[in-house]
Amino acid sequence: MPEYSPGLPFPDYHQSMLVLEVIDGVDQGQVFPLPMGEPQLIGRSSESLPLSDQSVSRRHAELTPDGDRWWLRDLQSANGTWVNGRRVDGRVELRQGDEVTCGETTLRLNWADRLISGPSAAAQAPEVPPLGTVALSDRSSEAPETLEAAQQRLRMLETLSSLAVSTSSSTELMEHAIELLVKEFSPKTAVMLMTSQGDSSLDCVTRRGGVRSWNQAVADRVQKTARPLLAVDVIADLRFADQKDVEELGTGSVMGAPLQIAGQVFGVIILEDQDQTHVWDEADIRLLSAVSKQVSLAIVNANVAADQLRQTRLASMGETVATISHAVKNIMQGLRGGAGALELALSRGDLDLANEAWPILARNLDRIHDLTFNMLAWSRSGALELEMIQVGPIVQEAIDLLETQCRHRKVKIILEGEDDLPPVPVDSSALHQAIMNLLTNAIEAVPSKTGLIKVTLSTDKHCQWLSCSVADNGEGVDPSRKSEIFQPFTSTKGQRGTGLGLAVTRKIALDHGGSLELDSSSGSGARFLLRLPMARDGDPGDTDTPRAASSTRTELEFDD
């Protein structure tokens with residue numbers, strides 16, 4: 001246990017001894033014992049109760065014991081001495097719980113055994129009405145709360161702990177928290193106030209109850225002292241005697257607790273009953289204090305998680321922009337080279353040179369087209385437009401569109417499939433793009449003149465899944481890179497690829513409720529398997545389509 005110099009360390013004074021604990025001011029947290037029979041001087045020159053607050057006089061006030069009673073008198077200090085908000089004039093008897101204010105420092109008279117966790121607990125102990133000014137609720141003299149009530153309060157704290165783990169939105173968390181408070185304490189008004197960044201003023205972020213305003217005096221005091229506060233009768237409470245708005249609001253009972261982390265108050269919870277006094281007691285304010293600590297941690301954790309997510313998104317956005325910019329730069333260099341060669345050919349009237357330049361332009365125009373559509377597909381979050389469609393014609397159309405590219409590289413494509421495959425629920429444009437991506441990758445992966453691509457359409461024996469297999473005789477995929485090829489902006493083609501093709505194709509498959517996998521058991525080359533469900537989910541009335549028996553084989557070979 002650390003020492004709180006010049007106040008004595010907590011273990012060094014008797015538990016039944018009265019102490020003065022500094023609850024507000026530059027010396028907050030210090031605890032000074034009051035040995036019986038020994039007068040004590042409060043001030044900056046005091047040896048037993050020294051205060052460093054410059055608004056406290058050197059010899060500010062004197063405490064004099066009389067048996068088991070303590071009396072306080074001001075020593076003509078510059079700023080006066082106050083007890084529970086009233087200026088001391090003459091000699092005043094102190095009672096347990098009274099607050100003594102000297103300059104900008106406030107001390108509270110308490111028993112040492114009330115400091116549950118030692119001197120440092122004093123700054124966060126609930127602030128209850130001082131005895132002798134406002135009586136506590138009659139409930140505090142009743143029998144201890146029932147086991148059922150204790151279990152109910154424990155369940156509320158457990159619920160808050162669960163929210164802290166499961167909820168990443170601070171707004172949602174505060175809404176849940178205030179609902180729990182209303183259910184537990186039944187206030188007429190419940191308000192959660194928060195400070196803005198760079199501004200200490202409190203603004204309402206969520207509330208329950210019909211009253212639009214709240215007790216600002218209580219909120220300000222809780223924010224200033226950073227301690228929970230219970231006022232069983234606000235109007236009669238001497239701590240608020242100088243506050244004009246208290247009487248205007250007509251508040252009966254109020255509880256407040258700070259939302260804070262690392263000693264910094266960033267919000268306040270206020271519960272009010274404008275009609276009745278003595279609604280809550282010290283057990284209630286201690287529960288509210290525990291709740292406020294849970295809510296504080298949960299809000300901070302939610303904000304940290306949101307900030308980390310924001311930083312991650314910004315980093316991903318920067319990586320995406322950099323990758324796309326690099327891909328566009330490579331395409332532009334290709335376009336510039338092709339355009340320069342074509343311009344030279346036209347100026348010379350050289351058709352042979354023009355024929356060599358045009359494929360460069362066409363190839364890079366295709367790359368711009370693929371990049372643009374893949375970016376749109378990757379960022380699309382809207383629902384698919386599903387229709388019952390035959391997949392075979394979509395695959396055939398994709399092969400036809402790639403005829404020129406295949407002829408240029410002398411690549412052979414073989415399409416195999418069952419006759420009369422049943423229609424499946426797909427988005428035709430999305431599936432067309434997925435097939436184009438798989439075929440384009442295969443064409444670029446196989447060697448010229450000897451390249452072979454086999455596309456196979458089939459269904460499983462239960463007629464629940466349709467499979468489209470695209471296999472090639474290229475070099476295949478390095479096993480060490482198998483897990484990363486479906487990640488966006490990861491390419492095995494170097495500067496020729498954008499790394500979006502397979503990522504987009506897999507996203508399309510997943511959006512359909514299907515899958516895209518790399519089959520590593522195919523031997524040489526690569527084999528990608530696209531699987532799509534043959535029925536819409538959630539319709540128990542659907543009837544399975546019988547499996548077609550016959551099959552056909554189509555071979556497409558492109559030669560010059």
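See the structure printed just above.
Residues numbered from 1 in each chain as written. Predicted model: local features only at pLDDT ≥ 70, side-chain atom pairs only at ≥ 80, totals over all residues. Heavy atoms only, no water.

(A) Fine view of the overall build of the protein chain. In terms of regular secondary structure, the protein chain is built from ten helices and 24 strands. The buried share of the protein chain, taken over its 560 residues, is 44%. Nonlocal contacts in the protein chain, meaning residues at least 24 apart in sequence, comprise 63% of its contacts between residues at least 6 apart. (Helix = DSSP H or I, 4+ residues; strand = E, 2+ residues; numbered from the N terminus. Buried < 20%, exposed > 50% of the residue type's maximum accessible area, 1.4 Å probe, protein only. Contact = heavy atoms within 4.5 Å.)

(B) Molecular detail of the pattern of salt bridges. Enumeration over the complete set of coordinates arrives at eleven salt bridges. The shortest N-O distance in the salt bridge between glutamate 99 and arginine 221 comes to 2.8 Å. Of this pair, glutamate 99 sits in strand β10 (residues 99-102) while arginine 221 sits in helix α3 (residues 216-225), and the two are 122 residues apart along the sequence. Of the charged contacts in the structure, one is a salt bridge between glutamate 175 and arginine 208, with a shortest N-O distance of 2.6 Å. Note that glutamate 175 is positioned in helix α2 (residues 170-185) and arginine 208 in strand β13 (residues 199-208), a separation of 33 residues in sequence. (Salt bridge = Lys/Arg side-chain N within 4 Å of Asp/Glu carboxyl O.)

(C) Seen up close, the nonpolar core. Judged by nonpolar contacts, the single largest core of 40 residues is most densely connected at Leu439, Ile453, Val455, Phe528 and Leu530. Among the elements that make up this core, the one with the highest residue count is helix α9 (residues 428-445) (seven residues). Residues within four places of leucine 530 in sequence aside, it is in contact with Leu431, Ile435, Leu438, Leu466, Ser467, Cys468, Ala509, Ser515 and Leu516. The next biggest cluster of nonpolar side chains, apart from the first, holds 30 residues, and it includes Met156, Ala177, Ala190 and Leu259. (Core = buried A, V, L, I, M, F, W, Y, C linked by side-chain atoms within 4.5 Å.)

(D) Examining the side chain of glutamine 223 more closely. For glutamine 223, the location among the structural elements is in helix α3. Here serine 200 takes part through its backbone oxygen, which lies 2.7 Å from a polar atom of the side chain of glutamine 223. Residue contacts for glutamine 223: discarding those within four places in its chain leaves Thr195, Ser200, Leu202, Val265 and Val268. (Polar contact = N/O pair within 3.5 Å; in protein donor to acceptor, adjacent residues only side chain to side chain.)

(E) Expanded view of the packing of aromatic side chains. Taken as a whole and assessed by the stated rule, the structure comprises zero aromatic pairs. Above the plane of the ring of tryptophan 465 lies arginine 531, whose end atom (NZ or CZ) is 4.4 Å from the centre. (Phe/Tyr/Trp six-rings, centres within 6.5 Å; stacked < 30°, edge-to-face > 60°. Lys NZ or Arg CZ within 6 Å of the ring centre and 35° of its normal.)

(F) Quick look at unusual backbone geometry. Positive phi outside glycine occurs at glutamine 76, with the angle close to 55 degrees. Mapped onto the elements, glutamine 76 comes out in the loop between β6 (69-74) and β7 (81-83). Owing to a relative accessible area of 78%, glutamine 76 belongs among the exposed residues under this scheme. Its identity is not glycine, yet alanine 226 carries a phi of approximately 60 degrees, on the positive side. By secondary structure assignment, the location of alanine 226 is in the loop between α3 and β14 (229-231). Residue classification places alanine 226 among the buried residues on the basis of a relative accessible area of 13%.

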